[in-house]
Amino acid sequence: MRRGLAALVGLVLALAAVVLAAPAAQAHNALQSTDPAEGSTVPVMPETVTLTFNEPALFVGTEIMVHTVDETMVNIGPPVLVDNTVSQAVTGELPAGEYTVIYRVTSADGHPIEGQFRFTAAEATSYGVATPAPTMTASPTPTSSAEVQAGESAAPTASPTASAPPAPESRVSGGVLVGVAGALAVAGGVAALLLLRRRESADPSSPDAPPGSSSE
């Protein structure tokens, strides 16, 4: 009887341990699949790499890095969590070859899950790289004769050079003429007076004539 009781107690303790350990084991997320699949070969690198877990993950502490074969990191922006999936976008020039995905995902209980997987891209591609537009040299637009005439008519014409006003003719003022006339009149009067005196002195009958001037 004692043996049976001891066996019953041991069974109860074992069941209790299983029941207590079950929630803790279920709280840890487990990776179920990846896209691209581990070890697969895809035509080109997809725009996003997606990891699917058995339960939703926490955003805090979740990180996914994608590297090319030469260790160039091509992931961009934070991971996107939707339901049980965690996706990571890539960008830039993505060459053909092997890619390595390194992930660290936070489980619902806060426990981190880390790991990595690889796949291969058969051909190169690119995302988020702007393609420069082809440059075209603009040919000069021919100018029509009408436009040339319009331009010539619009151009300001030079105004004719103003000719200098004619120099005023020199004129003798009226005062000068009067002075000259007066001087001529005075000179004429003096000459007439002298001539008159000469005649009077030459006349014997003149009282002013000198003696002995009369004829015998």
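Source: prediction; values computed, not measured.

**Student:** Lay out the nonpolar core with the relevant residues and their values.
**Tutor:** With 21 residues, the main nonpolar core has Met45, Val49, Val66 and Phe119 as its most contacted residues. Sorting the residues of this core by element identifies β3 (48-53), β4 (58-67), β8 (97-106) and β9 (112-123) as the ones contributing at least two each.

**Student:** Give me the sheet that holds strand β1 (residues 31-35): which residues, what numbers.
**Tutor:** Taken together, the four strands give an open sheet; going across it, the order is β1-β3-β6-β5, and neighbouring strands pair in antiparallel fashion. Each edge of the open sheet carries a strand with a single partner, namely β1 and β5 (80-82). Averaged over neighbouring strand pairs, the angle between their axes works out to 20° when direction is ignored. Taken together, the three bridges between β5 and strand β6 (residues 85-89) define a ladder with antiparallel strand orientation. The residue of β6 that forms the bridge with Val80 is Ser87.

**Student:** Can you lay out the confidence of the model for the protein for me, pointing to particular residues and giving the numbers?
**Tutor:** In this model, the protein carries a mean pLDDT of 75, and residues with pLDDT of at least 70 account for 53%. Here residues 18-25 is modelled with pLDDT under 50, and outside its nearest four sequence neighbours on either side it reaches zero contacts, counting other chains as well.

**Student:** Requested: an account of the sheet that holds β9, with residues and values cited.
**Tutor:** Read from one edge to the other, the open sheet built from four strands follows the order β2-β9-β8-β4, with strand pairing classed as mixed. Where the open sheet ends on each side, the last strands, each with one partner, are β2 (41-44) and β4. The sheet shows a mean angle of 30° between the axes of neighbouring strands, taken without regard to direction. Bridge count between β2 and β9: three bridges; the pairing is parallel. Across the sheet, Thr41 pairs through a bridge with Thr120, a residue of β9.

**Student:** Give a description of the pairing of β8 that names residues and reports values.
**Tutor:** The pairing of β4 with β8 spans six bridges and is antiparallel. By the bridge assignment, Met65 is partnered in β8 with Ile102. Where β8 lies against β9, 10 bridges are found, and the strand directions are antiparallel. Of the residues in β9, the one forming a bridge with Val101 is Phe117. Hairpin connection, β8 to β9: the antiparallel pair is bridged by five residues, and Gly110 has positive phi, about 90°.

Basis of the calculations
Residues numbered from 1 in each chain as written. Predicted model: local features only at pLDDT ≥ 70, side-chain atom pairs only at ≥ 80, totals over all residues. Heavy atoms only, no water. Core = buried A, V, L, I, M, F, W, Y, C linked by side-chain atoms within 4.5 Å. Buried < 20%, exposed > 50% of the residue type's maximum accessible area, 1.4 Å probe, protein only. Helix = DSSP H or I, 4+ residues; strand = E, 2+ residues; numbered from the N terminus. Pairing = 2+ DSSP bridges. Axes fitted to C-alpha atoms, helices over the stretch in contact; angles between N-to-C directions. pLDDT = per-residue confidence, 0-100. Contact = heavy atoms within 4.5 Å.

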